[in-house]
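Residue-level structural notes
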Amino acid sequence: MWTENINLALDVAPNIKAGVVWINCTNLFDAASGFGGYRESGFGREGGKEGMWEYLKPEWDADRTREAGGGRREAESETRIPHPASPIPLPPLDRTYKLFVGGQQVRPDQGYARRVLGSDGRVLGEVAEGSRKDIRNAVEAAHAAASWARTSGHTRGQILYYIAENLAPRADEFSGYIDAMTGGGREAARREVDAAISRLFTYAAWADKYDGAVHHVPIRGVTLAMHEPVGVMGLACPEEYPLLGFVSLVAPAVAVGNMVVVIPSEAHPLAATELYTVLEASDIPAGVVNVVTGGKDALAQVLAEHDDVAAVWYLGNRAAGTEIERVSAGNMKRTWVEWHRRDWLDSRQGEGREFLREATQVKNVWIPYGE
């Protein structure tokens, strides 16, 4: 951009969908400042601290065994020990949970539902069977909430804090549902709920603190590295830890200003559907969080094919993850695919800057000054 009005330039620069913006200069590069584009102009970054992340992996992952082809081994399924029925009473009625789209609980387009079985084989309830049209409606609702990206970090943090406050008094209830679904025991279920509450508090604190940086480059000026939300994101949650896995993906994404369409655990979705009532009472704007239950792999592929979804996170099996990456290449969508299991209770693996990095884009604005 070329202008004599620097105030106008700094107002326009954040609204340009580009990885680099030059103000009153052009084609300046430096290793300290990242370079890259969006969508058809390329993805990822070269140079700067953000350019190094493509070549690094978390310290906790250093000792994980790799297959000969370079991929990670798919984790073997955990052995569950039969556990007595949960003492938390389930509703006497056969409850069918709806979808959560645009801040409301809505019926699925096709009108189908699937049964959710507990660890002892009994029916715990039914959840809506989402379809391609439900994903489309959820994406439209997410785009309608675009003002969330312009909300201050302090406000986003306050809302996440409020969600955690509203979830805390119902910890025993959620523990009962998790125990009934997974059969892992009341103590383990309560640890998961407590960790989910703690994680919400963590990202509430991060919401106004994940700042950009000022790079010192070899011009008479500065380069602002701005952290911007990706936009509308599709999240396919892990099967294990149905509540904690859901919160661990949703919280960092919305903390930095994204809107999300979430597919919860396919086998254990009741923790996410019960969370609807917490979200409805926590002042989060309609459309920021949308939840579509059903077949995770099929719905995740629909998200990957959708041109108005900016990024997809998928945690599941290798075959589906590979297909999602292949489909996303056609519309230049950012992907974060993992098929190995994390220990979501471990703060090194389940939270932190890694998730915030994946939920943001870095825009470098070059600003020279002087005559």
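Quick summary incoming for the structure in this document. (Residues numbered from 1 in each chain as written. Predicted model: local features only at pLDDT ≥ 70, side-chain atom pairs only at ≥ 80, totals over all residues. Heavy atoms only, no water.)

The next point concerns the overall build of the chain. Broken down by element type, the chain carries 12 helices and 14 strands. Computed over its C-alpha atoms, the radius of gyration of the chain comes to 22 Å, within 12% of the 21 Å expected for a compact globule of 371 residues. In terms of overall dimensions, the chain has C-alpha extents of about 75 × 45 × 35 Å along its principal axes. Evaluated residue by residue, the chain yields a buried proportion of 50% over its 371 residues. Within the chain, counting contacts between residues at least 6 apart in sequence, those at least 24 apart form 72% of the total. Carbon and sulfur atoms provide 50% of the accessible area of the chain, an area that totals close to 17,600 Å². Charge separation in the chain, taken as the distance between the mean sites of 39 positive and 50 negative side-chain charges, equals 1 Å. (Helix = DSSP H or I, 4+ residues; strand = E, 2+ residues; numbered from the N terminus. Rg over C-alpha atoms; globule rule 2.2 N^0.38 Å. Buried < 20%, exposed > 50% of the residue type's maximum accessible area, 1.4 Å probe, protein only. Contact = heavy atoms within 4.5 Å. Areas by Shrake-Rupley, 256 points an atom, 1.4 Å probe, with all protein chains shown as cover. Lys, Arg positive; Asp, Glu negative; His and termini not counted. Charge placed at Lys NZ, Arg CZ, Asp CG, Glu CD.)

A few words now on the sheet that holds strand β1 (residues 20-22). The four strands lie next to each other as β1-β14-β8-β7, forming an open sheet whose pairing is mixed. Since the sheet does not close on itself, it has two edges, and those belong to β1 and β7 (213-215), each with one partner. Between one strand axis and the next, the sheet turns by 25° as a mean value, whatever way the strands run. In terms of strand pairing, strand β8 (residues 221-229) meets strand β14 (residues 360-368) through nine bridges, oriented antiparallel. Across the sheet, the residue bridging to Pro 229 is Thr 360, located in β14. (Pairing = 2+ DSSP bridges. Axes fitted to C-alpha atoms, helices over the stretch in contact; angles between N-to-C directions.)

What follows deals with the pattern of salt bridges. Here the structure, examined in full by the defined rule, presents 20 salt bridges. As a salt-bridge pair, Arg 170 and Glu 173 come within 3.0 Å of each other at their nearest N and O atoms. Using a relative accessible area of 21% as the deciding quantity, one classes Arg 170 as partly exposed. As a salt-bridge pair, Glu 354 and Arg 342 come within 2.9 Å of each other at their nearest N and O atoms. Taken together, the residues span a long stretch of sequence, with Glu 354 in helix α12 (residues 353-358) and Arg 342 in the loop between β13 (334-338) and α11 (347-350) at a distance of 12 residues. With respect to burial, Glu 354 and Arg 342 carry one shared label: buried. (Salt bridge = Lys/Arg side-chain N within 4 Å of Asp/Glu carboxyl O.)

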